[in-house]
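Each chain, letter by letter, is given below.
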Amino acid sequence: MAGKTVSSFEQFMALAAPRTDTVQIRGCKVHIRELSDRQREEVSKANQDGPEECMAAILSFGVVNAEGEPLMSREQARDYGNGSPEVIKKIGDAIMKLSGLDEEQEEEPGKD
C-alpha cells in the first residue's frame, strides 16, 4: 500500500495533526478532536485527581468549534456535573475512541 512520501516537517506535522469528528446527540452536532499526545498525558495526570477532573480534562481538550478550537476551558468543563449524564458520557466516549483510548482497544491490544 504505497502513498505519498512525507518529505518535510510541515508535511509531517500536517499528517500528525489531531483528527476531528462530530457527534450527533439530541438533534445537535458537537465537534470533537482527537487528544494530542501531550493532552493524553494531561488527562492521565488529571485522572489521579479523580474521575471528575479527568472528564473535565477530556471535555476541555476534546470538544471544539467548527474550526477545531477548544469550546471551553478546563474550569468551565468542571461544570459538566450539572449536565446530562447521557450527553457527557456519549461525548466523552467519542473523544476517547477517536483518541484510541476506548475500552475495547484497551482490552484487545493490536486490534485495528
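Remember, predicted model here, so these are calculated numbers, not experimental data.

1. Quick look at helix α2 (residues 37–47)
Point 1. Residues Gln39, Val43 and Ala46 constitute the buried set of α2. Down the axis, α2 shows its buried residues gathered within 60° of arc, on one side only. Those residues of α2 that are exposed and aimed more than 90 degrees away from the buried face are Asp37 and Arg38.

2. What about the sheet that holds strand β1 (residues 20–25)?
Point 1. One open sheet accounts for 3 strands, arranged β1-β2-β3; its pairing is antiparallel. The open sheet terminates on both sides in strands that have one partner only, identified here as β1 and β3 (63–64).
Point 2. Both strand β2 (residues 28–33) and β3 contribute to a ladder of 2 bridges, which runs antiparallel. Its bridge partner lying in β3, Ile32 is registered against Val63.

3. Let's talk about the confidence of the model for the chain
Point 1. Per-chain confidence: the chain averages 89 in pLDDT, with 89% of residues scoring 70 or above.
Point 2. Averaged pLDDT values over the elements of the chain bottom out at 47 in helix α6 (residues 103–107) and peak at 98 in β3.
Point 3. This stretch, residues 104–112, has a pLDDT under 50; its non-local contacts, to residues over four places away or in other chains, come to 3 contacts.

4. A few points about a nonpolar patch on the surface
Point 1. On the surface, Val6, Phe9, Phe12, Met13 and Leu15 cluster together into a nonpolar patch covering about 540 Å² of accessible area.
Point 2. Tracing the chain through its elements places Leu15 in helix α1 (residues 9–16).

About the cut-offs
- Residues numbered from 1 in each chain as written.
- Predicted model: local features only at pLDDT ≥ 70, side-chain atom pairs only at ≥ 80, totals over all residues.
- Heavy atoms only, no water.
- Buried < 20%, exposed > 50% of the residue type's maximum accessible area, 1.4 Å probe, protein only.
- Helix = DSSP H or I, 4+ residues; strand = E, 2+ residues; numbered from the N terminus.
- Arc of directions from axis to C-beta.
- Pairing = 2+ DSSP bridges.
- pLDDT = per-residue confidence, 0-100.
- Contact = heavy atoms within 4.5 Å.
- Patch = residues over 30% accessible without salt bridge, like charges linked within 9 Å, V, L, I, M, F, W, Y side chains within 5 Å.
- Areas by Shrake-Rupley, 256 points an atom, 1.4 Å probe, with all protein chains shown as cover.
- Salt bridge = Lys/Arg side-chain N within 4 Å of Asp/Glu carboxyl O.

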